[in-house]
2 protein chains.
Amino acid sequence: MSISYPGYPDTVANNKKDKNEQDYLDLIREHFPQNGPGIVLGPGDDCAVVSCPDKICLTTDTLQEDIHFRTAYFPPEAIGHKALAVNISDLAAMGGTPTGFLLSLTLPQDGLKNDFFSRVLKGMSDLAAEHDMPLAGGNISRGRDLSLTITAWGTPGPRFLTRKAEAGDVLFLIGEIGLARTGLSVLEENGEQQKKYPQSIQSLFFPRPRVKEGKKLAELSFVRGLMDISDGPAADLPRLIGPGLGADLDPDFPVHSEVLDFAADSGMDPLEFALIGGEDYALLGATSPGSSRELLRLFPHCSFLGRVTENQGLRMDGKPFHGRGFDHFK
Amino acid sequence: MSISYPGYPDTVANNKKDKNEQDYLDLIREHFPQNGPGIVLGPGDDCAVVSCPDKICLTTDTLQEDIHFRTAYFPPEAIGHKALAVNISDLAAMGGTPTGFLLSLTLPQDGLKNDFFSRVLKGMSDLAAEHDMPLAGGNISRGRDLSLTITAWGTPGPRFLTRKAEAGDVLFLIGEIGLARTGLSVLEENGEQQKKYPQSIQSLFFPRPRVKEGKKLAELSFVRGLMDISDGPAADLPRLIGPGLGADLDPDFPVHSEVLDFAADSGMDPLEFALIGGEDYALLGATSPGSSRELLRLFPHCSFLGRVTENQGLRMDGKPFHGRGFDHFK
């Protein structure tokens, strides 16, 4: 039986590229184990069947060619890694533990070159193995561009760390901001500068979902809310704190040296650049007043971005901050 | 809080079309209730949280512009309906009851015209309401073409009706075959003939997932295996019976009058046309020898396609049958 991909008119299995398509399916089988913890029925039937606790977290995200990646400079492994990583990051941001995923692939009509697809799967399966996440099934169809939609699920922790904050809460970050944007800027310019920004490029290509940190944060009652940053703090902060509140950002917020260098080279304000940067998948949270010292003890690498205010809007040093979030390839 | 679509760099919320994109999100909110049975946490956070029984069925499928539909002649409602219907059909084919879904949308970069998107959502939400399926969350990104990936889940019945058959089993169908292919052929020819084929066009645009029938079949111990037909029986039958077995098809198999008419007009063999037709989402199953009379009593509209044989391959009247499955827009 084939590795699922049924249930939908399978243009792939029925066109002239039969052999290539079977190769794709075989490659998927090679890269992913057919069974795993919690998988009652894996790929090859109309549905996957998984065993679950009384509640599960579910998330879905698409990685789209020329919107979220370019084949010109993304290593294929990074495409596979990132498609899964952004989904795992959503689970981490709820304090959940990932337990499985489905992959819906759209393959370009003229196929993929050489070992490209195999390397995409390698990047994905390495990350899946790291998190003990079996591939439960999926779907292949054709389209003009390469696109990977993943649905991932997991077990919630002792509570769901939703997006939430109250006035007076301290805003904290676990992870860097602005690095991936630096990497993207450098790569889009296609200049000689790339060697100067290894961590920025790594952050763009291979973001690390922070599952352990999310689980640990969910156990701390003083942590009010949490999300992962995909569009940059300027765009995502309002999503964390919700309507009716604002934030006062600390102008002494620490910024990675590569971000500082790039901003200096480009004549930009490094803090503003970091705040509108995206795709770092750092965790952004709100912790209740007075708890920041304990948080820092438990997460020595966490940093503080500012405070939640009753005044709406984002401010820095008392002045309104109008930076926009991350804008792909614009 | 926005209707989810977080967790991933949201090109949509950050480009010049802000207002249009907010319109999209508002429209989704209008069309789908924010809560429903089993939804612990709905759209607007990093993940959805749903309550579940000890096992769930999961499936994912993509509906891709110019592969699975054309905006030129598909009513927008049909695009929304069909994107969800093909997923529900997968659940039905396991004997499951759908309980929720996620929607990952890729919107064309130049946007959608007029009330197009609203009508897509109308088609989807009407079908969702019919099956009591809340939209638990999702994602929006940009791309060259319109694409809808849905992940749907549900509660299994007393058993999972997998793809399975044994030699001697009787092959049965619940639903028509060849109708959707007739509809597609007529529409692609763009001729005057469309009025002659109302049910064919209806079958292509608005396939009905057979949830009730799937559940009832799962309760019958003599029913061996089941799947839904998306690529046509010629392509899907081997997936039902698996390797090592074959099928002897009955040349007196009943075919819908519209299929007969279209085949006659086009100089094709109607049976062959029906067998390679796809997208009807009929249920195809195997029932143990001697049980077909009881099956017919319980499902008066079911029909019989032939028998499972120990000889590999598909035969009709003793002659090998080489028809291929459904081939989109070729």
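Residues numbered from 1 in each chain as written. Chains lettered and ligands numbered in written order. Predicted model: local features only at pLDDT ≥ 70, side-chain atom pairs only at ≥ 80, totals over all residues.

### Some words on unusual backbone geometry
To be explicit about the condition: We count a stretch as a helix when DSSP gives it H or I for four or more residues in a row; a strand needs E for two or more, and each element gets its number in order from the N terminus. Burial is judged by counting other C-beta atoms within 10 Å of a residue's own C-beta: 20 or more means buried, 12 or fewer means exposed, and anything between counts as partly exposed, with every C-beta placed from the backbone.
In this structure, Glu279(A) takes a positive phi of about 70 degrees despite not being glycine. Tracing the backbone through its elements, the reader meets Glu279(A) in the loop between helix H9 (270-276) and strand E10 (283-287). Taking the number of C-beta atoms within 10 Å as the measure of exposure, Glu279(A) has 25 and is therefore buried. You will see that Asp317(B), though not glycine, has its phi angle at about 60 degrees, which is positive. Its location among the elements puts Asp317(B) in the loop between strand E12 (313-316) and strand E13 (319-320). Looking at Asp317(B), the number of C-beta atoms within 10 Å reads 10, which means it is exposed.

### Comments concerning the domain arrangement of chain A
All names here are of chain A. Stated precisely, the cut-off is as follows: Domain start and stop points were drawn from an automatic or database domain assignment. For every residue pair, C-beta atoms are placed from the backbone, and the pair is scored as a contact if these atoms sit within 7 Å. In the scheme used here, Gly and all other residues not listed as nonpolar or charged are polar, with Ala, Val, Leu, Ile, Met, Phe, Trp, Tyr, Cys and Pro taken as nonpolar and Asp, Glu, Lys and Arg as charged.
As assigned here, chain A comprises domain 1 (11-155) and domain 2 (170-320). Centre-to-centre separation of domain 1 and domain 2, based on C-alpha positions: 28 Å. Contacts between domain 1 and domain 2 engage 17 residues on the former and 17 residues on the latter. Going through the elements one at a time, helix H2 (76-92) and strand E4 (97-108) are the ones with two or more residues in the side of domain 1 that touches domain 2. No other element matches H2, which puts nine residues into the side of domain 1 that touches domain 2. Considered class by class, the residues forming the side of domain 1 that touches domain 2 number 10 nonpolar, five polar and two charged.

### Overview of the sheet that holds E4(A)
What counts, and what does not: Strand pairing is defined by DSSP finding a minimum of two bridges between the two strands. Whenever a helix is involved, its axis is fitted only over the stretch in contact; in every case the axis is a line through C-alpha atoms, and angles between N-to-C directions fall within 0 to 180 degrees.
Taken in spatial order, the six strands line up as E5(A)-E4(A)-E6(A)-E3(A)-E2(B)-E1(B) in an open sheet, and their pairing is mixed. In this open sheet, the two strands that pair with only one neighbour each are strand E5 (135-143) of chain A together with strand E1 (39-41) of chain B. Strand-to-strand twist of the sheet, defined as the mean angle between neighbouring strand axes without regard to direction, takes the value 25 degrees. The sheet contact formed by E4(A) and strand E6 (residues 147-155) of chain A spans nine bridges and is antiparallel.

### Quick look at the pairing of strand E11 (residues 303-309) of chain B
Residues and elements named next belong to chain B. Sheet topology note: the strand E7 (residues 170-174)/E11 ladder contains four bridges and is antiparallel. When the sheet's bridge partners are listed, Leu 173 is paired in E11 with Ser 303. In this sheet, E11 lies alongside strand E9 (residues 246-249) in antiparallel orientation, the contact comprising four bridges. By the bridge assignment for E11, Leu 249 is matched with Gly 306.

### Quick word on the pairing of strand E7 (residues 170-174) of chain A
Residues and elements named next belong to chain A. For E7, a buried count of five out of five residues is recorded, marking the element as mostly surrounded by other parts of the structure. Side chains of E7 alternate between two faces, with Val 170, Phe 172 and Ile 174 and Leu 171 and Leu 173 buried alike. Pairing analysis gives five bridges linking E7 to E10, with the strands arranged antiparallel. Considered in E10, the bridge of Phe 172 is made with Gly 285.

### What about the packing of helix H4 (residues 179-189) of chain B against helix H8 (residues 257-266) of chain B?
Residues and elements named next belong to chain B. For clarity, the cut-off: Relative orientations are named as follows: roughly parallel for angles under 35 degrees, roughly antiparallel for angles over 145 degrees, roughly perpendicular for angles from 65 to 115 degrees, and oblique for any other angle. Helix crossings are classified by the rotation of the near helix relative to the far one: an anticlockwise turn of less than a right angle makes the crossing left-handed, while a clockwise turn makes it right-handed.
Interhelical geometry of H4 versus H8 gives an angle of 45 degrees and a closest axis separation of 9 Å. If you check the angle between H4 and H8, you find them oblique. Regarding H4 and H8, the two cross each other, and that crossing is left-handed. Along the contact surface, H4 presents Leu 179, Thr 182, Ser 185 and Val 186, while H8 presents Glu 258, Val 259 and Phe 262. A class-by-class count of the residues in the contact of H4 with H8 yields four nonpolar, two polar and one charged.

### Concerning helix H3 (residues 116-130) of chain A
All names here are of chain A. Threshold: By definition here, a helix of n residues has an expected span of 1.5 Å times n minus one.
With 15 residues, H3 ought to run about 21 Å at 1.5 Å a step, and its terminal C-alpha atoms sit 22 Å apart, in line with that. When we look at burial in H3, the residues that qualify are Phe 117, Val 120, Leu 121, Gly 123, Met 124, Ser 125, Leu 127 and Ala 128. Positioned one or two residues after H3, Asp 132 has a phi angle of 55 degrees, which is positive.

### Quick notes on helix H4 (residues 179-189) of chain A
Residue and element names in this part refer to chain A. Burial runs high along H4: nine of the 11 residues are buried. For H4, the set of buried residues is Leu 179, Ala 180, Arg 181, Thr 182, Gly 183, Leu 184, Ser 185, Val 186 and Leu 187. Downstream of H4 by a residue or two, Asn 190 has a phi angle that is positive, lying close to 55 degrees.

### Observations concerning the confidence of the model for chain A
All names here are of chain A. The following threshold applies: Confidence scores labelled pLDDT are given residue by residue by the predictor and lie between 0 and 100.
Mean pLDDT over chain A: 89, with 91% of residues reaching 70 or higher. Scored below 50 in pLDDT, residues 1-19 shows 69 contacts in the model against residues more than four places distant or in partner chains. Across the interface, the model reports ipTM at 0.89; the global pTM reads 0.91.

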